[in-house]
Protein chains: 2
Amino acid sequence: MKFQAKVNVSLKEGVLDPQGQTIGNALLDLGFENILKVKTGKIFTLEIEAETESDATRAASEAASRLLANPVIEQFKVEVVL
Amino acid sequence: MKFQAKVNVSLKEGVLDPQGQTIGNALLDLGFENILKVKTGKIFTLEIEAETESDATRAASEAASRLLANPVIEQFKVEVVL
């Protein structure tokens, strides 16, 4: 059965996010004074062939920890849909 | 009131995703034969000061269309939480 997994990779709490800060400053320059903070992250959508949803979740989590996320500075969250 | 908006930016249908293909090939090399396809995207988490949820949604959508997404090749989805 085919599953779709979304792997959301974001910086760990406390890790500097210069890209987010730059975007925040640019938004301020554009007049968005009500946008106080910007944090950036990546999202990977995986198409997985698996028997069960938990197999798909396991494959996505393993892919995330081995390749998609840098465990030193990033954390990830996996969400599987049919 | 403070709101948190998540802006999910992804490539439009039909736009090539070489980064996703490269990651897909790398996962295949690592033995993940059940991961058939990888698509990449970006996620921006905005902290917004707004009166109502719909004001926050409007600010996030405007920021997305003016700066966060490239309308030629990308689409975006906004989700606001408290």
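Use the structure listed above.
Residues numbered from 1 in each chain as written. Chains lettered and ligands numbered in written order. Predicted model: local features only at pLDDT ≥ 70, side-chain atom pairs only at ≥ 80, totals over all residues. Heavy atoms only, no water.

## Quick look at the pairing of strand β2 (residues 35–49) of chain A
Logical step 1: Sheet analysis places strand β1 (residues 2–11) of chain A next to β2 of chain A, joined by nine bridges and oriented antiparallel. By the bridge assignment, S10 of chain A is partnered in β2 of chain A with G41 of chain A.
Logical step 2: Judged from the 13 bridges that link them, β2 of chain A and strand β2 (residues 35–49) of chain B form a sheet pairing that is antiparallel. By the bridge assignment, F44 of chain A is partnered in β2 of chain B with T40 of chain B. (Pairing = 2+ DSSP bridges. Helix = DSSP H or I, 4+ residues; strand = E, 2+ residues; numbered from the N terminus.)

## A word on the packing of helix α2 (residues 53–68) of chain A against helix α1 (residues 18–29) of chain B
Logical step 1: Between α2 of chain A and α1 of chain B, the shortest axis-to-axis distance is 11 Å and the interhelical angle comes to 105 degrees. In terms of orientation, α2 of chain A and α1 of chain B fall into the roughly perpendicular class. Listed contacts from α1 of chain B to A63, L67 and L68 of chain A of α2 of chain A are I23, A26 and L27 of chain B.
Logical step 2: Taken together, the residues of the contact of α2 of chain A with α1 of chain B sort by class into six nonpolar, no polar and no charged. (Axes fitted to C-alpha atoms, helices over the stretch in contact; angles between N-to-C directions. Parallel < 35°, antiparallel > 145°, perpendicular 65-115°, else oblique. Contact = heavy atoms within 4.5 Å. Nonpolar A, V, L, I, M, F, W, Y, C, P; charged D, E, K, R; others polar.)

## Structural notes on the relation of the copies chain A and chain B
Logical step 1: Mapping chain A onto chain B calls for a rotation angle of 180 degrees and an axial translation of 0.0 Å; the resulting RMSD is 0.0 Å. Taken together, the rotation angle and the small translation identify this as a two-fold axis. Among all C-alpha atoms of chain A, that of K42 of chain A lies closest to the rotation axis, at 2.2 Å.
Logical step 2: Taken as a fraction of all interface residues of chain A, those also at the interface in chain B reach 100%, which identifies the copy contact as same-surface. (Least-squares fit on C-alpha atoms with pLDDT ≥ 70 in both.)

## Digging into the sheet that holds β2 of chain B
Logical step 1: Spatial strand order, β3(A)-β1(A)-β2(A)-β2(B)-β1(B)-β3(B): six strands in an open sheet with antiparallel pairing. In this open sheet, the two edge strands, each paired with only one partner strand, are β3 (74–81) of chain A together with β3 (74–81) of chain B. The sheet shows a mean angle of 25 degrees between the axes of neighbouring strands, taken without regard to direction.
Logical step 2: Bridge count between strand β1 (residues 2–11) of chain B and β3 of chain B: eight bridges; the pairing is antiparallel.

## Here's the deal with α1 of chain B
Residue and element names in this part refer to chain B.
Logical step 1: For α1, which comprises 12 residues, the first-to-last C-alpha distance of 16 Å matches the rise-based estimate of 16 Å (1.5 Å per residue) to within 8%.
Logical step 2: Turning to α1, its buried residues are G20, I23, G24 and L27. Down the axis of α1, the buried side of the element spans an arc of 105 degrees, and every buried residue falls inside it. Facing away from the buried side of α1 by over 90 degrees, the exposed positions are P18, T22 and D29. (Expected span 1.5 Å × (residues − 1). Buried < 20%, exposed > 50% of the residue type's maximum accessible area, 1.4 Å probe, protein only. Arc of directions from axis to C-beta.)

Remember that the coordinates give geometry; whether it matters functionally is a separate question.
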